[in-house]
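Inside the fold
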Amino acid sequence: MLIYQELIAFHLNDPKPDALIDADLKRLSFVKENSAHPEKDQLYFNSINHIARQYDKLPAAAQAWYLLAQYYNEQANDYKPHGDTTNRYARIKAKEICEQLQSQKDSSEGKINAWNLLLELNHSSFEFQLEKVNSPDIPFRSLVTYKNINTLYLRIIKADDKLRNQLENQYSENYWPSIVKAPAMKNWQQVLPATNDLQEHKVEMKIDGLPSGEYILLASDNADFNNAKSLLGARYFYVSGISYVNNGQDYFVLHRETGQPLANASVQVWENKYDYKQSKYIKGKGKAYTTDANGFFKLEKDADGSNNSILLDVRHNSDRLFMNDYQYNYFYYRDNLAGKTGGQTSIHLFTDRAIYRPGQTLHFKGIVLALNMDIRKADVRANYSTKIYLKDANGQEVDSLKVKTNEFGSFNGKFQLPQGSLNGQFTLYAKAENVYSSFKVEEYKRPKFYVDYEPIKGS
């Protein structure tokens, strides 16, 4: 702060105030950034506003005007459509200041900064969201978030196998041209509420009902969809009366609107398996199922016992739902734990410290639990025997110890850490239960000072 004051004093009597204005603005920015004053924002505004109006048309004052516009732009971020609307039109003030600066003949730092801020204020954007699956022949909604756009131009495109293959790589240079060139089954335009505040707003847009199938909703701020300056957005969605819910491998196929079970629905499983010969994932048909009267089917484990990502192709009468959302089937707990009296054995290992020096004694403790998945309960295992291994930083076994739990399901032991070997991350390892606990072995130094307190004299 003192340096800024000295700098300002040095330039007070300059014939041209450029350096004085520059130093004073940097001082104010420094104070605003570091001050804890509760009204620092208002004080900052008053100060830069004073400098801007004091030097007004001077090119050096353009930076003060820019900081004033930036202040209004930051204030506009506090606008809440359904809350505090005080600063809704603050960006309009910022835009007016930036446009006035562009009329200056001389170039300056403030004028260039104002030009970049003006581009940001005038920037147009939109995005939209809709449910991934919608019911057939029933109008549905899309939530549109937009800024500085008055009209959206929209297309509904029916997705076929050829188009799906073209759109597999979103980063391909042919991705957007493929969507734009695809024939549209419906075109329309949607006028958005005019806001004239340079703020971002949200509105819900109605989309007429569609028959069952897969579609793309394409939107643009330009009617030709091909202009290099056009904004484009696309959403892939499904229309189907089919839905399904699952708990693990138990699936129920239901009507999307009523929730009633869909009996005799066919379900074809598609598996995504890794082909090591081709070094890529290959999609292939798996098992097929038919739902019972309750719309139920149980997903079975593959013969090879593998865990795969799958897709479900569900058909009921003329309706079909085949989403590109992978389901992940993991059978470990169900197949290995359910129905077994002992359940899964789980060991939790603890060391007395997180870091040791070579040659020190490591004290450890373990707690053994038996997990019974049928009743979803864990009990301690008394009189359980296992073997704990000590591994060095190279993963080599250094020592081992047989342990047995007491009536509380715990055991303890100790290892003498080796000297002269490579330091680093050592590991306690219960091989039978595949449990690890890591700790550090480093040649660190203890501090060579100590703190001593004199005996208290008096009460």
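In this text the structure is predicted, and so the values were computed from the model without any measurement.

**Remarks on a negative patch on the surface**
Judged by side-chain charge, Asp-41, Glu-74, Asp-78 and Asp-84 come together as a negatively charged surface patch. Turning to its location among the elements, Asp-78 is positioned in the loop between α4 (62–76) and α5 (90–101).

**Section: the layout of surface pockets**
Computed from the structure, the largest pocket encloses a volume of approximately 1100 Å³. Lining the largest pocket are 27 residues, and of these Arg-164, Leu-167, Glu-168, Tyr-236 and Asn-324 lie nearest its centre. Of all elements in the fold, only α7 (161–166), α8 (175–181), β7 (213–220) and β8 (232–239) reach the threshold of two or more residues within the lining of the largest pocket. Among the residues forming the lining of the largest pocket, the class breakdown is 14 nonpolar, four polar and nine charged.

**Concerning the environment of Arg-91**
One can find Arg-91 in helix α5. For the pair Arg-91 and Gln-75, spaced 16 residues apart in the sequence, the C-alpha separation amounts to 8.2 Å.

**Here's the deal with the environment of Val-398**
With respect to the element layout, Val-398 can be found in strand β22 (residues 397–404). The exposure class assigned to Val-398 is partly exposed, which follows from its relative accessible area of 36%. The spatial distance from the C-alpha of Val-398 to the C-alpha of Leu-417 is 8.6 Å, given a sequence separation of 19 residues. Sequence-distant contacts of Val-398, that is, excluding residues within four places in its chain, are made with Leu-390, Lys-391, Asp-392 and Pro-418.

**Overview of the sheet that holds β22**
Read across the open sheet, the five strands follow the order β18-β25-β24-β21-β22; overall the sheet is mixed. The sheet is open, and its two borders are formed by β18 (355–356) and β22, each paired with just one other strand. Inspection of the sheet shows strand β24 (residues 424–430) paired to strand β25 (residues 435–441) by seven bridges, in the antiparallel sense. Within β25, the position partnered with Gly-424 by the bridge is Val-441.

**Brief notes about a nonpolar patch on the surface**
Nonpolar side chains collect at one region of the surface, where Met-1, Phe-30 and Val-31 lie side by side and expose about 230 Å² of accessible area between them. As for its placement among the helices and strands, Met-1 is situated in the segment before α1 (2–11).

**A word on the sheet that holds strand β1 (residues 125–130)**
Taken together, the three strands give an open sheet; going across it, the order is β1-β3-β6, and neighbouring strands pair in antiparallel fashion. In this open sheet, the two strands that pair with only one neighbour each are β1 and β6 (201–207). Between one strand axis and the next, the sheet turns through 25 degrees on average, direction left out of account. Summarising the sheet, β1 and strand β3 (residues 140–147) pair through six bridges and their orientation is antiparallel. Bridged to Leu-130 within β3 is Ser-142.

**Brief notes about the packing of α4 against α5**
In contact at an axis separation of 7 Å, α4 and α5 are set at 160 degrees when each is read in the N-to-C sense. Judged by the angle between their axes, α4 and α5 are roughly antiparallel. Like other packed secondary-structure pairs, α4 and α5 cross with a definite hand, here left-handed. Residues Ala-62, Trp-65, Tyr-66, Leu-68, Ala-69, Tyr-72, Asn-73, Gln-75 and Ala-76 of α4 form the contact with α5, whose participating residues are Ala-90, Arg-91, Lys-93, Ala-94, Ile-97, Cys-98 and Leu-101. For the contact of α4 with α5, a count of residues per class yields 12 nonpolar, two polar and two charged.

**A look at the pattern of salt bridges**
Counted according to the given criterion, the structure contains 14 salt bridges. One salt bridge in this structure joins Asp-22 and Lys-26, with 2.9 Å as the shortest N-O distance. Residue Asp-22 and its partner Lys-26 are located together in helix α2 (residues 18–34), separated by four residues, close to a single helical turn. Taking relative accessible area as the criterion, Asp-22 reaches 33% and is therefore assigned partly exposed.

**Let's talk about the confidence of the model for the protein chain**
Chain-level statistics for the protein chain give a pLDDT mean of 89 and a share of 94% at 70 or above. Every residue in residues 331–342 scores below 50 in pLDDT, and together they form 26 contacts with partners more than four places removed in sequence or on other chains.

**Regarding the nonpolar core**
Counting 32 residues, the largest nonpolar core has Leu-25, Ile-48, Ile-51, Trp-65, Leu-68, Ile-97 and Leu-101 as the members making the most contacts within it. For this core, the elements supplying multiple residues, two or more each, are α2, α3 (40–55), α4, α5 and α6 (109–122). Each residue touching Ile-51, except ones within four places of it in the same chain, is listed here: Ile-21, Asp-24, Leu-25, Leu-28, Asp-56 and Ala-64. Tyr-146, Trp-188, Ala-219 and Phe-237 belong to the second largest nonpolar core, which has 20 residues in total.

Thresholds, definitions, all that
- Residues numbered from 1 in each chain as written.
- Predicted model: local features only at pLDDT ≥ 70, side-chain atom pairs only at ≥ 80, totals over all residues.
- Heavy atoms only, no water.
- Patch = residues over 30% accessible without salt bridge, like charges linked within 9 Å, V, L, I, M, F, W, Y side chains within 5 Å.
- Areas by Shrake-Rupley, 256 points an atom, 1.4 Å probe, with all protein chains shown as cover.
- Salt bridge = Lys/Arg side-chain N within 4 Å of Asp/Glu carboxyl O.
- Lys, Arg positive; Asp, Glu negative; His and termini not counted.
- Charge placed at Lys NZ, Arg CZ, Asp CG, Glu CD.
- Helix = DSSP H or I, 4+ residues; strand = E, 2+ residues; numbered from the N terminus.
- 1 Å grid on protein atoms, 1.4 Å probe; cavity = no way out; pocket = protein on both sides within 12 Å on 5 of 7 lines; lining within 4 Å.
- Points joined across faces, edges and corners; volume = space filled by probe spheres on them.
- Nonpolar A, V, L, I, M, F, W, Y, C, P; charged D, E, K, R; others polar.
- Buried < 20%, exposed > 50% of the residue type's maximum accessible area, 1.4 Å probe, protein only.
- Contact = heavy atoms within 4.5 Å.
- Pairing = 2+ DSSP bridges.
- Axes fitted to C-alpha atoms, helices over the stretch in contact; angles between N-to-C directions.
- Parallel < 35°, antiparallel > 145°, perpendicular 65-115°, else oblique.
- Left-handed = near helix turned anticlockwise from the far one by under 90°.
- pLDDT = per-residue confidence, 0-100.
- Core = buried A, V, L, I, M, F, W, Y, C linked by side-chain atoms within 4.5 Å.

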